[in-house]
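Letter by letter, the chains look like this.
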Amino acid sequence: MKILQLCHKVPFPPVDGGCIAMNNLTQGLIDEGHSVKVLAINTQKHFTDIKQLPSDYLFKTNIEAVFIDTNVKIIPAFLNLFTKTSYNINRFYSKAFEKKLIQLLKVEHFDIIQLESLYMAIYVNAIRANSKAKIILRAHNIEHKLWEQNAQLTKNSIKKNYLNLLATRLKKYELDSLKTFDAIASITKEDEAYFKKQHFIKPIETFPFGIDFKNIKIFNSQEKEYPSIFHIGSMDWLPNVDGVKWFLKNAWPQIHIQNPDVKLYLAGRNMPEWFQQLKIKNIIVEGEVADSHTFINSKSIMIIPLLSGGGMRVKIIEGMALGKTIISTTIGAQGIDYTNNKNIIIVDEATSFVNAISKCISDKIFFDNIGNNARTLAVECYNNANICKRLTTFYQLTINTH
């Protein structure tokens, strides 16, 4: 099959969860023998110099990117208040990108055009007018729900009202767009169920984030710092920032009292300046690390203290693949086929976080079992090759559906 992958940001290098999810699928479909062309939006926030990408990746994907300034601007945001359109979506529209897309569709035939996230749905009309390809939404999240959560967590009443307005308009756009897709490849079962509840009757199936186990190497026990606690995630994503702040305020003080020698490591790209300036004993702020797998491998207890967010946490699946013992909130582990206290530990209160970490430190057998079972789950359920084989079958069935 010939597949066009439309991405809302350049997926390579795979430096954050969204990029990793997109890139792993690209690589998996190529490994399945398909021709995959990547056309991406290049944004200021995630800017990538395409010419500097590895030659092998450039050759395999023939990637092209068009710069769009998606930053929020006061005047356009204000004027948008007097319309009924979604400002969240409008920020991703560009005549230059649409022109590039149309030019591509006029010279190349594609069987499947995969939209990476709802934000690329704004180009559906251009696709329909210039291609007979089946349009697949790869739903990373239920987008409007994320904005509803942001509004709920906001204390400023004016900002809360504005965020609720954005969420309402985004929800309308999201639901109206459903009729324009030929199929949906959701990342979580929860999202699949939501779309079905909205009367989406075309093909829909869940294809979670996958791991390429050829690139996974697990450190031996001598190479790991035990006990140690760590968090890794993009720190320009508000739920990560809020979750870590909550953990530091409500759980860490008691953890430190009970385990005065244990260190907490905080890693992730775009670490806010105030995190960098933290002067709290036994907290090491690493910032962006050169190799996330090496960092994860070298530590022992992974924490995911998310209080909001949707979709699936890529870092949890990576941690499981590396045999990590993971302690997460229910929201953080959403979409993962886990069994609590077998292959992950689920807690939703600060006291529970403290108790879970203390148990992992005091009971090495329990700690090891959780990590080993996590690895088994990742191998059985999140092997990228197996996921892409299923996705291939799903695409073929969609193509044959009239």
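All of these numbers come straight from a predicted model, not from anything done at the bench.

Here we look at the overall build of the protein chain
Within the protein chain one finds 17 helices and 13 strands. What you see for the protein chain is a C-alpha radius of gyration of 22 Å, in line with the 21 Å of a compact globule of 402 residues. Overall, the C-alpha framework of the protein chain stretches about 65 × 50 × 45 Å when taken along its three principal axes. Counting across all 402 residues of the protein chain, residues that qualify as buried make up 55%. By sequence separation, contacts in the protein chain at least 24 residues apart represent 70% of the contacts at least 6 residues apart. Of the roughly 18,300 Å² that the protein chain leaves accessible, carbon and sulfur atoms contribute 54%. Looking at the protein chain, you have 48 positive and 37 negative side-chain charges, and the mean spots of the two groups are 5 Å apart.

Structural notes on the layout of surface pockets
Each pocket or cavity is described by its volume, and for the second largest pocket that value is around 280 Å³. Counting residues per element, the lining of the second largest pocket draws most heavily on helix α16 (residues 364-381), which supplies 6 residues. For the lining of the second largest pocket, a count of residues per class yields 4 nonpolar, 6 polar and 6 charged.

Quick look at unusual backbone geometry
Residues phenylalanine 12 and proline 13 are joined by a peptide bond in cis, for which omega reads 5°. In this fold, proline 13 is placed in the loop between β1 (2-7) and α1 (17-31). A cis geometry characterises the amide bond from tyrosine 226 onward to proline 227, with omega recorded as -5°. When you line up the elements, proline 227 lands in the loop between β7 (204-206) and β8 (229-232). Of note, serine 117 is a non-glycine position whose phi angle comes to about 90°, a positive value. Here serine 117 is to be found in the loop between β4 (112-116) and α6 (124-130). At asparagine 341, a position not held by glycine, the phi torsion is positive, near 65°. Position of asparagine 341 relative to the elements: it lies in the loop between β12 (325-328) and β13 (345-346). Asparagine 341 sits in the partly exposed class, given a relative accessible area of 47%.

Considerations on the sheet that holds β13
Read across the open sheet, the 6 strands follow the order β10-β9-β8-β11-β12-β13; overall the sheet is parallel. Taken across any chain shown, the strands that pair with only one partner, and hence form the sheet edges, are β10 (283-287) and β13. Pairing analysis gives 2 bridges linking β8 to strand β11 (residues 301-304), with the strands arranged parallel. The residue bridging phenylalanine 230 from the neighbouring strand is methionine 302, located in β11. The strands touched by α16 within the sheet are β11, β12 and β13, with β12 carrying the most contacts at an inclination of about 90°.

Quick notes on the packing of helix α10 (residues 238-250) against helix α15 (residues 350-362)
Where α10 meets α15, the closest approach of the two axes is 10 Å, and the angle between their N-to-C directions is 75°. By the angle between their directions, the pair α10 and α15 is classed as roughly perpendicular. In this structure, α10 uses Trp246, Phe247 and Asn250 to contact α15, whose residues at the interface are Ala350, Phe353 and Ile357. Here the contact of α10 with α15 is built from residues that sort into 5 nonpolar, 1 polar and no charged.

Points about empty space enclosed by the protein
All told, the structure shown has 1 cavity of 30 Å³ or more when counted by the stated rule. As a volume, the largest cavity reaches approximately 30 Å³. Together, Ser117, Leu118, Leu137, Ala139, His140, Asn141, Glu143, Glu174 and Phe195 line the largest cavity.

Some remarks on the pattern of salt bridges
Counted by the stated rule, this structure contains 18 salt bridges. Put simply, arginine 138 and glutamate 116 hold a salt bridge, and the shortest N to O gap is 3.5 Å. Taken together, the residues arginine 138 in strand β5 (residues 134-139) and glutamate 116 in strand β4 connect sequence positions 22 residues apart. Using a relative accessible area of 4% as the deciding quantity, one classes arginine 138 as buried. Close ionic contact of glutamate 192 with lysine 196 constitutes a salt bridge, the shortest N to O distance being 2.9 Å. With glutamate 192 and lysine 196 both in helix α9 (residues 189-197) and 4 residues apart, this pair spans about one turn of that helix. Take lysine 196: its relative accessible area is 44%, and that puts it in the partly exposed class.

Some points on helix α17 (residues 384-399)
Between its first and last C-alpha, α17 extends 22 Å over 16 residues, near the 22 Å set by a 1.5 Å rise per residue. Within the span of α17, buried status applies to Asn384, Ile387, Cys388, Leu391, Thr392, Phe394, Tyr395 and Thr398. One side-chain oxygen of the residue at the start of α17 lies 3.0 Å from the amide nitrogen of alanine 385, identifying that residue as asparagine 383.

Cut-offs applied
- Residues numbered from 1 in each chain as written.
- Predicted model: local features only at pLDDT ≥ 70, side-chain atom pairs only at ≥ 80, totals over all residues.
- Heavy atoms only, no water.
- Helix = DSSP H or I, 4+ residues; strand = E, 2+ residues; numbered from the N terminus.
- Rg over C-alpha atoms; globule rule 2.2 N^0.38 Å.
- Buried < 20%, exposed > 50% of the residue type's maximum accessible area, 1.4 Å probe, protein only.
- Contact = heavy atoms within 4.5 Å.
- Areas by Shrake-Rupley, 256 points an atom, 1.4 Å probe, with all protein chains shown as cover.
- Lys, Arg positive; Asp, Glu negative; His and termini not counted.
- Charge placed at Lys NZ, Arg CZ, Asp CG, Glu CD.
- 1 Å grid on protein atoms, 1.4 Å probe; cavity = no way out; pocket = protein on both sides within 12 Å on 5 of 7 lines; lining within 4 Å.
- Points joined across faces, edges and corners; volume = space filled by probe spheres on them.
- Nonpolar A, V, L, I, M, F, W, Y, C, P; charged D, E, K, R; others polar.
- Pairing = 2+ DSSP bridges.
- Axes fitted to C-alpha atoms, helices over the stretch in contact; angles between N-to-C directions.
- Parallel < 35°, antiparallel > 145°, perpendicular 65-115°, else oblique.
- Salt bridge = Lys/Arg side-chain N within 4 Å of Asp/Glu carboxyl O.
- Expected span 1.5 Å × (residues − 1).
- Polar contact = N/O pair within 3.5 Å; in protein donor to acceptor, adjacent residues only side chain to side chain.

In short, the description is geometric, and any link to function would need to be established separately.
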